[in-house]
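# Per-entry structural report
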Amino acid sequence: MIQNNLKFLNSLRIKILEPYSDISVNFLDSFSIELKKDKNTFRSPELFSLMLFCNRKNILKFKKKFKNDQFRIGRGLVFHVCPKNVPINFMFSFILGLLSGNTNIIKVSSNVSKEKNVIITKIKKIFKSNKYLKLKKSNFFIEYNHQKNPEITNKISSKSDCRIVWGGDKTVKSIKKIDTQPRCLDINFADRYSLSVINAEKFNKLSKLEIDILSRKYFYDVFTMNQMACNSPHFIFWIGKIIKGKENYFWEKISKIASKKFKFDDVHVMKKYNNLIDKIMNIKLIKKIKMFENYLYLVDVDKNIKNIENVRGSSGIVYQIKLKKLDEISQLITKKCQTITYFGFQNKDFKNLILKNNLLGADRIVKIGQAFEFDLVWDGFDTIKSLSRVVNIK
């Protein structure tokens, strides 16, 4: 099913639909059902979350929130350039193009991935059904090396009405240089970083069981995707005075969960250790390092550190800073900040933080444990509205 050349472009006929069309919702629900039948889904947090997201009930919640009294249709052909570091990203990108009513060409990473194989196998099976023939003819997955075959990217870009580019700043800049149609819309999901904040006063009141629950949630935020995703937290800020014993228990619990849930191989261990050594050599404001065997490295950093977006962990390296007030993190939040996961604060606290300090970063603020809950509003873009156009009929 995955294409490796441009022959399919010769017979491509662009089809457009209204957002949340019945056939799109039904297709995603069928996909969710197929995932549910596969035991691999329950061994992979990524596939499991994808299964839940594509469920009809969940998609219809988004449809209900999509308040639209205008006639909207897809923009046309959407070209999705997906990253290498997040195996299932291409499917979420496809979902955005599908639900907004577009024809889609999805560039899939050539990296070997069990999750990718499962997803492609399920889509291939569903496309065999006659009721999804229309979608089969208007959605294509392609795999190639952009560096070796830039002409493929150039050719697809020249025909695109919209491009969604996921990747590092270098990738985004290189794709932006390629000529497109004058009205082609680019949505760029460039390099971002994420962090966490915890209200120490509220944390101090938690029971042991409640800390266990919070620890498990934070484990999944940190260790999912080996901290390689833009929504993976690298820094945690404790706001207020923390009880040392409870803080230690929190980190020890996360380490124990990691020892059971996270698969550490030699590559992970060496990459993690080298990452830490590099930071020790280059960051002068590191105060203390606590290692929970190889499972978790906790690095205390002085609050005067700059450019935290360049300080990234991997496979369980968390940088920790203690502050007195929430406002103090405003000095460290730049345009590159994507997600803030939190505990013990209210929505109004973050609205005040953003408005009072004129923050241009932090497009997503969710509770700890929800870092990897995908949403159709992403990086500040309402994707369904961005990928569809309004036809003004009077």
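Everything discussed here concerns the structure shown above.
Residues numbered from 1 in each chain as written. Predicted model: local features only at pLDDT ≥ 70, side-chain atom pairs only at ≥ 80, totals over all residues. Heavy atoms only, no water.

Moving on to the environment of Arg312. Following the sequence through the fold, Arg312 ends up in the loop between β10 (296-301) and β11 (317-323). Excluding residues that lie within four positions of it along the chain, Arg312 makes contacts with Asp191, Arg192, Tyr193, His234, Asn275, Lys279 and Tyr319. From its side chain, Arg312 meets the backbone oxygen of Glu309 in a polar contact 2.5 Å long. (Helix = DSSP H or I, 4+ residues; strand = E, 2+ residues; numbered from the N terminus. Contact = heavy atoms within 4.5 Å. Polar contact = N/O pair within 3.5 Å; in protein donor to acceptor, adjacent residues only side chain to side chain.)

This next bit is on the sheet that holds strand β3 (residues 103-107). Strand pairs in the sheet, formed through backbone hydrogen bonds, run parallel or antiparallel to each other. Read from one edge of the open sheet, five strands run β4-β3-β2-β5-β6, paired in parallel fashion. If you trace the sheet from one side to the other, it starts and ends with β4 (139-142) and β6 (185-189), each paired once. With strand direction ignored, the average angle separating the axes of adjacent strands in the sheet is 15 degrees. Pairing of strand β2 (residues 77-81) with β3, which is carried by five bridges, proceeds in the parallel orientation. Directly across from Leu77, in β3, lies its bridge partner Thr103. Across the sheet, helix α5 (residues 89-99) lies against β2, β3, β4 and β5 (162-166), angled at about 165 degrees from β3, the strand it touches most. (Pairing = 2+ DSSP bridges. Axes fitted to C-alpha atoms, helices over the stretch in contact; angles between N-to-C directions.)

As a further point, take the pairing of β6. Pairing between β5 and β6: five bridges, direction parallel. Residue pairing across strands places Ile164 opposite Ile187, the latter belonging to β6. The parallel pair β5 and β6 is bridged by helix α9 (residues 169-176), and the resulting crossover is right-handed. (Right-handed = clockwise from strand over helix to strand, strands pointing away.)

A few words now on the packing of aromatic side chains. Evaluation of the coordinates by the stated rule reveals 28 aromatic pairs. Aromatic pair Tyr218 and Phe250: ring centres 5.9 Å apart, planes at 40 degrees, arrangement tilted. Here Tyr218, found in helix α11 (residues 208-223), pairs with Phe250, found in helix α12 (residues 244-261); they are 32 residues apart in sequence, far enough to count as distant. Arranged with centres 5.7 Å apart and planes meeting at 85 degrees, the rings of Trp238 and Phe250 form a pair that is edge-to-face. Of this pair, Trp238 sits in strand β8 (residues 233-239) while Phe250 sits in helix α12; the two residues are 12 residues apart in sequence, bridging distant segments of the chain. Comparing Trp238 with Phe250 shows no difference in burial state: the two are buried. The rings of Phe27, Phe90, Phe94, Phe127, Tyr132 and Phe141 are connected pair by pair, giving a single aromatic cluster. (Phe/Tyr/Trp six-rings, centres within 6.5 Å; stacked < 30°, edge-to-face > 60°. Buried < 20%, exposed > 50% of the residue type's maximum accessible area, 1.4 Å probe, protein only.)

As a general feature of sheets, a regular strand has side chains that alternate between the two faces. Extensive coverage of β5 is indicated by the burial of five of its five residues. Where burial is concerned, the two faces of β5 agree: the one with Cys162, Ile164 and Trp166 and the one with Arg163 and Val165 are both buried. As judged from the four bridges shared by β2 and β5, these two strands associate in the parallel manner. Residue pairing in the sheet places His80 in a bridge with Ile164 of β5.

What follows deals with the side chain of Glu115. Topologically, Glu115 is positioned in helix α6 (residues 114-127). Buried within the structure, Glu115 lacks any salt-bridge partner; Lys114 is the closest side chain of opposite charge, at an N-O distance of 7.2 Å. (Lys, Arg positive; Asp, Glu negative; His and termini not counted. Salt bridge = Lys/Arg side-chain N within 4 Å of Asp/Glu carboxyl O.)

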